[in-house]
Amino acid sequence: MAKKVFFSFHYQDVIDFRANVVRNHGKFKLNSQEAGYFDRSMWEEAKKESSLALKRLINKGLKNTSNTCILIGDETYKRPWVRYEIFKSFLNENHLFAVHINGIKCKQEQTKNLGKNPFDYVGLYAKDKDTLDLVEYKFDKWYYYKEIDSKSSFSFKNHGLSIGNTHKFSKFYSSYKWNKDDGFNNFKNWVK
């Protein structure tokens, strides 16, 4: 059965059409079952919205999804709303995975080098055996992430992570390359 996927991306990659290639590839399949997903993302740029309105919009977009796909371009890893979408997806227990899209030709028929993986810049700090803190890496240091409900700590019973250490999301979640890993045919296998 096809799953509902939330796509997280930097809006510049929509302008350059790289994000569109991945998000719309299912339209070239016979049906959504063959594609393996339904797109539940927000297409609007919504830059003029307040932080609270953007959070509500993201939360609404994530509702009833089971997967979150991070589309990795040049600047995706730095985008604060991408980080919010990753953490919110994690707390919603979505399956997370990332897809490098810089190998896809833009509207000028050019490709770029791989962007940095956003999963290397977000993580979990194991405070004790029952508590995890959401953390983000910026300015060469890990900081508590408090954009969700104004807190960073969340209760997770028996999480099994080593206490007193930060664990990057890249340790837990896979990333793929759209071209090299044949995303057109394999995307449905990346969705859980």
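All residue numbers here refer to positions counted from 1 along the written sequence of the relevant chain. Owing to the predicted nature of the model, reporting of local features is limited to residues with pLDDT of at least 70; listing and counting of side-chain atom pairs is limited to 80 or more, with chain, interface and lining totals taken over all residues. The side-chain values count all of the structure's non-hydrogen atoms but skip hydrogen atoms and water molecules.

Novice: Even after reading the chapter, I still don't get the nonpolar core, so can you show me in this structure?
Specialist: Judged by nonpolar contacts, the single largest core of 24 residues is most densely connected at Ile86, Leu96, Phe119, Leu134 and Phe169. When contributions to this core are tallied by element, the ones reaching two or more residues are α4 (51–62), β3 (67–72), α5 (80–91), β4 (95–100), β5 (122–128) and β6 (131–138). For Phe119, the contacting residues outside a window of four places in its chain are Ile70, Ile86, Leu96, Phe97, Ala98, Lys168, Phe169, Ser170, Tyr173 and Ser174. Judged by nonpolar contacts, the second largest core, of 17 residues, contains Phe7, Val14, Ile101 and Phe187. For this analysis, a nonpolar core means a set of buried residues of the types Ala, Val, Leu, Ile, Met, Phe, Trp, Tyr and Cys, connected via side-chain atoms within 4.5 Å. A 1.4 Å probe rolled over the protein chains alone gives each residue an accessible area, and that area as a share of the maximum for its type sets the label: buried under 20%, exposed over 50%, partly exposed in between. By the criteria applied, helices consist of DSSP H or I runs no shorter than four residues and strands consist of E runs no shorter than two, each listed in order from the N terminus. Residue contacts are counted whenever heavy atoms from the two residues lie within 4.5 Å of one another.

Novice: When you look at the side chain of His25 in this model, what are you seeing that I'm missing?
Specialist: Note on placement: His25 falls in the loop between α2 (18–24) and α3 (32–35). Under the relative-accessibility criterion, His25 is labelled buried at 2%. Whenever two N or O atoms come within 3.5 Å, that pair is a polar contact, provided that in protein one can donate a hydrogen and the other can accept it, and provided that, for residues adjacent in sequence, both atoms are side-chain atoms. Within polar-contact distance, the side chain of His25 engages the backbone oxygen of Val22 at 2.7 Å.

Novice: It is not clear to me how α4 should be interpreted in this structure. Could you clarify?
Specialist: Note: α-helices contain 3.6 residues per turn, so residues at a spacing of three or four share the same orientation. Here α4 spans 16 Å end to end across 12 residues, near enough to the 16 Å set by a 1.5 Å rise per residue. The complete set of buried residues in α4 reads Leu54, Lys55, Ile58, Gly61 and Leu62. Here the buried residues of α4 occupy an arc of 125° about the axis, which is enough to place them on one side. Exposed and oriented more than 90 degrees from the buried face of α4 are Arg56 and Lys60. Where α4 is buried, its residues contact β1 (3–8), β3 and α5. Downstream of α4 by one or two residues, Asn64 has phi in the positive range, about 65°. Here the expected span of a helix is defined as 1.5 Å times the quantity of residues minus one. Each direction from the helix axis to a C-beta atom contributes to the arc, which is the arc of those directions.

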